[in-house]
Amino acid sequence: MREKSLEYHSLHPKGKIQVVPTKPTKDSFDLSLAYSPGVAYPCLEIKENPDLVYEYTNKGNLVGIITNGTAILGLGDIGPAAGKPVMEGKAVLFKKFAGIDVFDIEVDAKDPDDFIKAVKMLEPTFGGINLEDIKAPESFYIEEELIKAMNIPVFHDDQHGTAIITVAGLLNAFEINKKRPSDVKMVVCGAGAAGIAIAELVQHIGIRKEHIFLVDTKGVIHTERTDLNSTKQKYVQKTNARTLADVMQDADIFVGVSVADMVTEDMVKSMAPNPVIFALANPDPEIPYAVAKKVRPDIIMGTGRSDMPNQVNNVLGFPFIFRGALDVRAKHITLEMKLAAARALAELARMEVPDAVSLAYGGEKFVFGPDYLIPKPFDQRVLYHVAPAVAEAAVQSGTARRPYPGRENYVSFLEGLMRS
């Protein structure tokens, strides 16, 4: 894999993305329109009416993927340059799945305020900002400040992307095991950006905050801890549980966003009947899928791996969330838009799966149930299901600045976009 990957990235042209012109450049007149003197006319129009930047440039279909390299995948703080291959990879996913253009920007700024200043100054360029691979707790502050300061969508995918797909999976898990969200006990292992965002979002589908137990590298987050930052302090629980093993007893849900092999067979055995485990550490989950299923045949399980059922994969979220947000020119990505994306994904998984999706996965058949809670990334229907739901939620929550043409017309637009 190492040699194949290095060869893949180093073949000419280097890297994974490039910029290509979208207008004719076949003769000198074309060039005079693309640049001087013709380009002056759209410039003057935009000067008189700044909103026309969306009419005469690609701003409305351009997202900035921006990192400072402090939390790259599972590799940690490897710096902005070393994180560039990941940002280019994310750009590929935006284009492949939703037709969105991207500039990846790696900022050499560990100080959160320096990073915020740098990103804010880029607002004229982009229709939206995807923050990526920024370590917690700084990531919370950075996103919060940029949302307040900018009038384009700002979205930290490491937080919200994982949370949105997790919620989609949980909604369908509840359909299967018939548990009431308000009754379940939930354990989240990993109290970084993703773990906190999951704990926040699940409360909006009915899971009670007093039933959510966070575990970090030092154990359960409880009232007697004195080493907690302000974000973790919101989730302190009055409990005698101190270890992951303690708190897993009688848990209905375990979500892991931590490291491999955190969960033992005994922990799984101690969970409540018909438990849900989403072990999302990559590349190896907190407990192997086969091990957990052997211990508890009644389990509903997902991982972050593509070779196992119920992959919790952020690519099911961010391209389509930004697509819907850009197309109604949303100022922000709201809670309602995130929940709309999660519910749309859950709904799609309950529909009959076309043969084309099975063919993309070697002929495997998918039917809603414990082994198919979440749609597959190569299911082309995800775009036509999630982006409209997000756009409609943007309109309903008052953040849209452009009229929504109705679902039928919008889906037709998306189909034309992807054909082109």
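Throughout, a residue's number is its position along its own chain's written sequence, starting from 1. In keeping with the model being predicted, local features are shown solely for residues with a pLDDT of at least 70 and side-chain atom pairs are shown and tallied solely at 80 or more, while totals for entire chains, interfaces and linings include all residues. Values shown for side chains rest on all heavy atoms present in the structure; no hydrogens or waters enter the calculation.

Identification of the protein chain as Malate dehydrogenase from Leptospira selangorensis is taken from an unreviewed UniProt entry.

## Observations regarding the overall build of the protein chain
Helix and strand counts for the protein chain come out as 18 helices and ten strands. Throughout, exposure labels follow a simple rule: accessible area from a 1.4 Å probe, protein chains only, divided by the maximum for the residue type, with under 20% read as buried, over 50% as exposed, and the rest as partly exposed. The buried share of the protein chain, taken over its 420 residues, is 50%. Looking at the protein chain as shown, the accessible area adds up to about 20,100 Å², and 54% of this sits on carbon and sulfur atoms. Charge separation in the protein chain, taken as the distance between the mean sites of 47 positive and 54 negative side-chain charges, equals 2 Å. Where helices and strands are cited, they refer to DSSP runs of H or I of at least four residues and of E of at least two residues respectively, numbered from the N terminus. Note on areas: Shrake-Rupley with a 1.4 Å probe; residue coverage comes only from the protein chains shown. As used throughout, the charge tally considers Lys and Arg to be positive and Asp and Glu to be negative, leaving His and the chain termini uncounted. Taken as the charge centre is NZ of Lys, CZ of Arg, CG of Asp or CD of Glu, depending on the residue.

## Focus on the domain arrangement of the protein chain
By a frequent convention, interface size equals the accessible area lost on bringing the separate parts together. According to the domain assignment, the protein chain contains domain 1 (58-152), domain 2 (168-303) and domain 3 (314-419). Each of domain 1 and domain 2 has a C-alpha centre, and these two points are 28 Å apart. On the side of domain 2, five residues touch domain 1, which itself brings four residues to the contact. Values labelled buried area give the accessible surface lost by two parts on being combined, using a 1.4 Å probe and summing over both. Carbon and sulfur atoms supply 76% of the area that domain 1 and domain 2 bury against each other, a total of about 320 Å² over both sides. It is A136, P137 and F140 that lose the most area in domain 1 upon contact with domain 2, and together they represent 87% of the buried surface on that side. Just to be clear on terms, a salt bridge is a Lys or Arg side-chain nitrogen sitting within 4 Å of an Asp or Glu carboxyl oxygen. At the surface where domain 1 touches domain 2, the tally comes to zero salt bridges. For the purposes of these results, a polar contact is taken to be a pair of N or O atoms within 3.5 Å, where, inside protein, one atom must be able to donate a hydrogen and its partner to accept one; residues adjacent in sequence count only when each atom of the pair is a side-chain atom. Counting every contact that joins domain 1 to domain 2 gives zero residue pairs in polar contact (both at pLDDT 80 or more). Taken together, the residues that form the side of domain 1 that touches domain 2 break down as three nonpolar, one polar and no charged. For each domain, the first and last residues come from an automatic or database assignment. Between two residues, a contact is recorded if the distance between any of their heavy atoms is within 4.5 Å. Amino acids outside the nonpolar list (Ala, Val, Leu, Ile, Met, Phe, Trp, Tyr, Cys, Pro) and the charged list (Asp, Glu, Lys, Arg) are all regarded as polar, and Gly is one of them.

## Examining the packing of aromatic side chains
Pairing of aromatic side chains requires ring centres within 6.5 Å, counting the rings of Phe and Tyr and the six-membered ring of Trp. Pairs whose planes differ by under 30 degrees are stacked, by over 60 edge-to-face, and all others tilted. Per the stated rule, a full pass over the model turns up ten aromatic pairs. Centre to centre, the rings of F103 and F126 are 6.2 Å apart; their planes meet at 75 degrees, and the pair counts as edge-to-face. Placement of F103 in strand 2 (residues 101-106) and of F126 in the loop between helix 6 (112-120) and strand 3 (128-131) is noted, with a sequence separation of 23 residues between them. Taking the relative accessible area as the measure of exposure, F126 reaches 1% and is therefore buried. Here, a charge over a ring is recorded when the distance from Lys NZ or Arg CZ to the ring centre is within 6 Å and its angle to the ring normal is within 35 degrees. Taking NZ or CZ as reference, K185 lies 5.4 Å from the ring centre of F213, over its face. When the ring centre of Y54 is taken as reference, the NZ or CZ atom of R329 above it lies at 4.2 Å.

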